[in-house]
Amino acid sequence: MAVETAPTTSKGQRTLKIHVTINGAPHDVDVEARTLLVHFLRENLGMTGTHIGCDTTNCGACTVLLNGRAVKSCTVFAVQADQGTVATVEGLEKDGKLHPIQEGFHQEHGLQCGFCTPGMMMTAVALLEKNKQPTELEIREAISGNLCRCTGYVNIVKSIDHAARVMRETAEGKA
Amino acid sequence: MAVEIGGIGHSVKRKEDARFIRGKGKYVDDVKLPGMLYLDIARSPLAHARIKNIDTSKALKIPGVVAVITGKDLVPLNLHWMPTLMSDKQMVLPTDTVLYQAQEVAAVVATERYIAADGVDAIEVDYEPLPVVVDPIKALQPGATLVREDREQKDNHIWHWEVGDKAGTDKAFKDAEVVVKQDLYIPRIHVSSIETCGIVASFDKVEGKLTVWMTTQAPHAIRTVIALVAGHLGLAEHKIRVISPDIGGGFGGKVPVYPGYVLAIGASVLTGAPVKWIEDRAENIQADSFARDYHISAELAAKKDGTMQALRVKTIADHGAFDAAANPSKYPAGLFHIITGSYPFEKSFVEVDGAYTNKPPGGIAYRCSFRVTEAAFTIERLVDVLALELKRDPAELRMQNFIPPTAFPYTSALGWEYDSGDYGRALRLAMDKIGYAELRKEQAAKRAKGELMGIGISSFTEIVGAGPSKNFDILGIKMFDSAEIRVHPTGKVMVRIGVKSQGQGHETTFGQIVAEELGIPVADIAVEEGDTDTAPYGLGTYASRSTPVAGGATAIAARKIREKAKLIAAHLLEANPDDVEWKDYKFQVKGVPAKSKTMQEVAFAAYTNHPQGMEAGLEAVDYYDPPNLTFPFGSYICVVDIDRGTGEVKIRRFVAVDDCGTIINPMIVEGQIHGGLTMGLAPALYEQITYDEQGNIQGGTFMDYLLPTAMETPNWETAKTTTPSPHHPIGAKGVGESATVGAPAAIANAVVDALAHLGVRHIDIPITPWKVQKILKEKGVAE
Ligand code: FES
Ligand code: FES
């Protein structure tokens, strides 16, 4: 847990020391108590793949996985991730191999400006963890907290379905 | 062969995806420079007020706050006002009055983003409230509260604009057998691209050079505007570099210059440090880039047999406190006079009056080529009103009246020369695809059971690709566009264009145009845009103009290269140039296919073995001035079911047939149509920005302003016809906005059709469950 009595910065803000694992890499850092997780990722760590599109928790551009759950990182304080794990878009590609969700978005033209895309993909990854074979409606429900202004969602739904198929095939191949 | 090249007509997967799917896109807020300061803005809580005092002392005491800027500080720099694109001016920061809620009042510059926000919180402003006028109709009445005290003209009227034959139209109406009239309000809406607006301005005091990374759809125009507006501060155009990096959606909202940009540039010039300003969503949705807000009264005259004869339209346009629209200079009401649509009216007259109100600037596009949606919605709604009046099937009435394919090029009653079209073919295809006849039967059966189902059609004609220099300019700069192509010795290509993608996929599609023209695989072609230090001058991307204008420039520049390449090929083949032809993506000696040279071979020779007397190298530039606009069109059919309990409108099916001429990349075109349809659905059923009597915005966050999610958005069905533009170098017309323009009328027509037997003739958009339920109750059919 974050320590109770924390030092303050020169700006008069309380800071706390947190330990958080991001995309597998451990970080021990001091962070202002009021820093949002999304700003911690973007400003403190320079991980700008996670985006900000609103200030009312509606758009989902900031979606990351916190302890395996999709959360809107604009509505979580960085200190709430203390002792936890965070997964972001930057961690999807492993050893030079794209995650099936990344392939899905590319193959099915699931992105245009790309601004909503990281959040969409992280939401989709969380969905596919729980549900290997989602229906169209289940996909639409899962991404209903993620706004896209460019694509009209049809191809995003196809992209997620594409990824689900590839992941099932890979799982069967391994089994 | 063609598939490897990836030329025109292929669904080449997008090159730009590689960075976006990895989170490696570079948007403005991703730019971080050493020593960078952050700017945040204090905004007015009142819609009209005199500023009695601004107390910045508490803000300045916060550690990390570097400066606070107020209007008074800008006066000596002559930066407190800036010109708009419509010959009006706009406040950067007020010196004495604020004219709308959320208007910029002061700016705080600090070492960190959160500290800048703390500073904004600590600014104390003493306001004296003034009377507010939010309704443009009231604003135009004598004695109305004056919005703009700074003008010589002491009323709220901005301009009157009219086009067409007034006397002839009035006569046609007097003589008409049938006249229908409909008032329509097209509400104020907001583009709300998921990325908000922002800038990083970095002024190098030693070099005197300003570099800005900015969310702009038109970087070159911005460079010139900065030079014109801030020239007196020592900024010269050759020392201004505007970079428009990856843009998270534009839709017209990133064309204007907002005060925040100017403040960040000013702050960087004054401090010598880089300054970042990124607006939050509330600021974006409350103060930037509103569209529509047209109060329309439209009349259509026809014969009893349904032949449409004349159209008369009167409109009041609410522009808010400043006329900061981004129309071509000659057209204060944009291209609204495309309102005769797909029909051969003999006579037509349109007039628009602009009004000031205590609202943020309006009249900026929402994925639409300058007021084309307002026009398409009006005419397509009106045709349905006529169909109801005459008890005619709306599809049949349209078919009867369409401008016939043989009439193109066709000059409309309001003076546009339509390039090409086959409207009947598009509507027939849409009817076949959706099963129109069966749907009408089903509707009749449902009606008998008391169920509410409606079918709506919209057969729109768009006007895009601004534009020919004789009529189209922005701030005097003609609306040409440009391309520069360099073929390197090893046959790889660099293309630079004057437009700027905000998600449209230019890096792929402009590569495809060049691939097709030069026979070089699209994988070997890099496309760059958005950096004024390297790209040729262009007017940017909006109004679906990239393909019609910069696409033309790209094809022609490539053809210039091919001309020269042919001479080099002839030299290599030891043939007379007249005996060499371009065939199957190669130069061949006519009739001797074995004797051929590829473009790559020619490119190498251009640098290593070019004919004596010829300049070395293989490059070309083209500044393309389109001879005409392009006129994409389509027919959309929407089927809705209405819940008699909740009043909810459910879109069961939506078939969109589009014709945008030659298609460069079918996958991308389909994606553009999906997105456009969703931005047509949005104002039809969900989105609207309203104000209360005090000028308080209602719907100033995503909590209240309802962008469609995946749950509201139907599974769009698309199809196409292809009628190339005869005047465009590759026959393309542009497609980015067609669906936004065409969809709202199809949806509104479907809802009215579902309720028409109850005596409903029109419902203003957005058609919310509340509005529908109210009607159902009035008609006694609510469940
Ligand atoms: S930034 Fe919009 S939900 Fe987090
Ligand atoms: S791709 Fe632009 S917001 Fe989704």
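Residues numbered from 1 in each chain as written. Chains lettered and ligands numbered in written order. Predicted model: local features only at pLDDT ≥ 70, side-chain atom pairs only at ≥ 80, totals over all residues. Heavy atoms only, no water.

A.B. asks: Before we go on, may I ask you to explain the overall build of chain A in this structure?
C.D. replies: In terms of regular secondary structure, chain A is built from five helices and five strands. Counting from the amino terminus, chain A carries its helices and strands in the arrangement β-β-α-β-β-β-α-α-α-α. At 17 Å, chain A has a C-alpha radius of gyration in line with the 16 Å of a compact globule built from 175 residues. Seen through its C-alpha atoms, chain A measures out along the principal axes to roughly 50 × 40 × 25 Å. Here chain A, with 175 residues, has 54% of them falling under the buried criterion. For chain A, contacts bridging at least 24 residues in sequence account for 53% of all contacts bridging at least 6. Total accessible area on chain A stands at roughly 7300 Å², and carbon and sulfur atoms take up 52% of it. Charge centroids of chain A, computed over 17 positive and 19 negative side chains, lie 3 Å from each other. (Helix = DSSP H or I, 4+ residues; strand = E, 2+ residues; numbered from the N terminus. Rg over C-alpha atoms; globule rule 2.2 N^0.38 Å. Buried < 20%, exposed > 50% of the residue type's maximum accessible area, 1.4 Å probe, protein only. Contact = heavy atoms within 4.5 Å. Areas by Shrake-Rupley, 256 points an atom, 1.4 Å probe, with all protein chains shown as cover. Lys, Arg positive; Asp, Glu negative; His and termini not counted. Charge placed at Lys NZ, Arg CZ, Asp CG, Glu CD.)

A.B. asks: For this particular structure, what's the right way to read the domain arrangement of chain A?
C.D. replies: By a widespread convention, an interface's size corresponds to the accessible area lost as its parts come together. All names here are of chain A. Each domain of chain A was delimited in the assignment, giving domain 1 (4-91) and domain 2 (100-174). Using C-alpha coordinates to define each centre, domain 1 is positioned 24 Å away from domain 2. At the interface, 16 residues of domain 1 touch 13 residues of domain 2. The three residues of domain 1 that bury the most area against domain 2 are His51, Thr63 and Val89, which together make up 40% of that side's buried surface. At the boundary of domain 1 and domain 2, one finds zero salt bridges. Looking at the side of domain 1 that touches domain 2, the elements with two or more residues in it are strand S3 (63-66) and strand S4 (69-72). With three residues, S3 is the single largest residue contributor to the side of domain 1 that touches domain 2. Within the side of domain 1 that touches domain 2, the residues separate by chemical class into eight nonpolar, seven polar and one charged. (Domains from an automatic or database assignment. Buried area = accessible area lost by both parts, 1.4 Å probe. Salt bridge = Lys/Arg side-chain N within 4 Å of Asp/Glu carboxyl O. Nonpolar A, V, L, I, M, F, W, Y, C, P; charged D, E, K, R; others polar.)

A.B. asks: Got a minute to help me understand the packing of helix H2 (residues 100-107) of chain A against helix H5 (residues 154-174) of chain A in this structure?
C.D. replies: For any two helices packed against each other, the geometry comes down to the angle between their axes and how far apart the axes lie. Residues and elements named next belong to chain A. In contact at an axis separation of 8 Å, H2 and H5 are set at 135 degrees when each is read in the N-to-C sense. In terms of their interaxial angle, H2 and H5 are classed as oblique. Read as a crossing pair, H2 and H5 show a hand that is right-handed. Across the interface between the two elements, Pro100, Ile101, Gly104, Phe105 and Gln107 from H2 touch Ile156, Ser159, Ile160, His162, Ala163, Val166 and Met167 from H5. Classifying every residue of the contact of H2 with H5 by side-chain character gives eight nonpolar, four polar and no charged. (Axes fitted to C-alpha atoms, helices over the stretch in contact; angles between N-to-C directions. Parallel < 35°, antiparallel > 145°, perpendicular 65-115°, else oblique. Left-handed = near helix turned anticlockwise from the far one by under 90°.)

A.B. asks: Would you explain the environment of B:Lys433 in this entry?
C.D. replies: Residue and element names in this part refer to chain B. Along the polypeptide, Lys433 turns up in helix H13 (residues 423-434). Along the sequence, Lys433 and Leu335 sit 98 residues apart, while their C-alpha atoms lie 31 Å from each other. Excluding residues within four positions of it along the chain, Lys433 makes contact with Arg653, Val655, Thr718 and Ala719.

A.B. asks: Please explain the interface of chain B and chain A as it appears in this structure.
C.D. replies: Taken together, the contact between chain B and chain A spans 61 residues of the former and 52 residues of the latter. Summed over both sides, the interface between chain B and chain A buries roughly 4600 Å², with carbon and sulfur atoms accounting for 54% of that surface. Of all residues in chain B, B:Ile21, B:Tyr114 and B:Ile194 give up the largest surface area on contact with chain A, accounting jointly for 17% of the area buried on that side. In this assembly, chain B and chain A are joined by six salt bridges. Of the charged contacts in the structure, one is a salt bridge between A:Arg34 and B:Asp118, with a shortest N-O distance of 2.8 Å. When residues of the side of chain B that touches chain A are assigned to their parent elements, the largest contribution, nine residues, is made by helix H18 (residues 666-686) of chain B. Here the residues of the side of chain B that touches chain A sort into 26 nonpolar, 19 polar and 16 charged.

A.B. asks: What should I look at first to understand the packing of aromatic side chains in this one?
C.D. replies: For any pair of aromatic rings, the description consists of the separation of the ring centres together with the inter-plane angle of the planes. Residues and elements named next belong to chain B. Counted according to the given criterion, the structure contains 22 aromatic pairs over all chains. On the basis of an interplanar angle of 25 degrees and a centroid distance of 5.9 Å, the ring pair of Phe20 and Tyr27 is categorised as stacked. Tyr27 matches Phe20 in its accessibility class, with the two residues each being buried. Ring pairing ties together the aromatic residues Tyr343, Phe402, Phe408, Tyr423 and Phe633, which thus form one cluster. Above the face of the Phe20 ring, Arg19 is positioned so that its terminal group lies 4.8 Å from the ring centre. Above the plane of the ring of Tyr542 lies Arg545, whose end atom (NZ or CZ) is 5.6 Å from the centre. (Phe/Tyr/Trp six-rings, centres within 6.5 Å; stacked < 30°, edge-to-face > 60°. Lys NZ or Arg CZ within 6 Å of the ring centre and 35° of its normal.)

A.B. asks: Just checking my understanding: could you explain the sheet that holds strand S23 (residues 481-487) of chain B for this structure?
C.D. replies: The pairing of strands in a sheet comes from backbone hydrogen bonds and takes either a parallel or an antiparallel form. Residue and element names in this part refer to chain B. Read from one edge of the open sheet, four strands run S25-S24-S23-S29, paired in mixed fashion. Strand pairing shows two members of the sheet lacking a second neighbour, strand S25 (525-529) and strand S29 (619-624), which therefore form its edges. Pairwise comparison of adjacent strand axes, ignoring direction, gives a mean angle of 15 degrees for this sheet. With six bridges connecting them, S23 and S29 associate as antiparallel partners. Across the sheet, the residue bridging to Ile485 is Ala620, located in S29. (Pairing = 2+ DSSP bridges.)

A.B. asks: Is there a simple way to think about the pattern of salt bridges in this case?
C.D. replies: Here the idea is simple: oppositely charged side chains can pair when their charged atoms come close. Residues and elements named next belong to chain B. Evaluated as defined, the whole model comprises 60 salt bridges over all chains. Asp533 is the salt-bridge partner of Arg241, the closest N and O atoms lying 3.6 Å from each other. Taken together, the residues Arg241 in strand S13 (residues 240-243) and Asp533 in the loop between S25 and helix H16 (546-573) connect sequence positions 292 residues apart. Arg653 is paired through a salt bridge with Glu717; the nearest N and O atoms lie 2.8 Å apart. Placement of the pair is Arg653 in strand S31 (residues 649-659) and Glu717 in strand S34 (residues 717-720), with a sequence separation of 64 residues.

A.B. asks: Is there a simple way to think about the nonpolar core in this case?
C.D. replies: In globular proteins that are soluble, nonpolar side chains generally tend to be buried together. B:Leu300, B:Phe336, B:Trp416 and B:Phe654 are the most contacted members of the largest nonpolar core, which totals 134 residues. Sequence-distant contacts of B:Trp416, defined by excluding residues within four places in its chain, comprise B:Tyr331, B:Leu335, B:His337, B:Ile338, B:Tyr410, B:Thr411, B:Ile463, B:Phe472, B:Leu629 and B:Phe631. (Core = buried A, V, L, I, M, F, W, Y, C linked by side-chain atoms within 4.5 Å.)

A.B. asks: It is not clear to me how the pairing of strand S28 (residues 592-597) of chain B should be interpreted in this structure. Could you clarify?
C.D. replies: Taken residue by residue, a regular strand's side chains alternate between the two faces of the sheet. Residues and elements named next belong to chain B. By the bridge criterion, three bridges tie strand S27 (residues 586-589) to S28 in an arrangement that is antiparallel. For Val589, the partnering residue across the bridge sits in S28 and is Val592. From the end of S27 to the start of S28, which pair antiparallel, there are two residues, and Gly591 there has a positive phi angle of about 80 degrees.

A.B. asks: Honestly, the side chain of B:Glu195 in this entry has me stumped. Any pointers?
C.D. replies: By the element assignment, B:Glu195 lies in the loop between strand S10 (178-190) and strand S11 (198-204). Taking the relative accessible area as the measure of exposure, B:Glu195 reaches 4% and is therefore buried. At 2.7 Å, the side chain of B:Glu195 forms a polar contact with the backbone nitrogen of B:Gly248. Ignoring anything within four residues of it in the chain, the contact list for B:Glu195 reads A:Phe115, B:Tyr27, B:Val28, B:Thr215, B:Asp246, B:Ile247, B:Gly248, B:Lys254 and B:Arg281. (Polar contact = N/O pair within 3.5 Å; in protein donor to acceptor, adjacent residues only side chain to side chain.)

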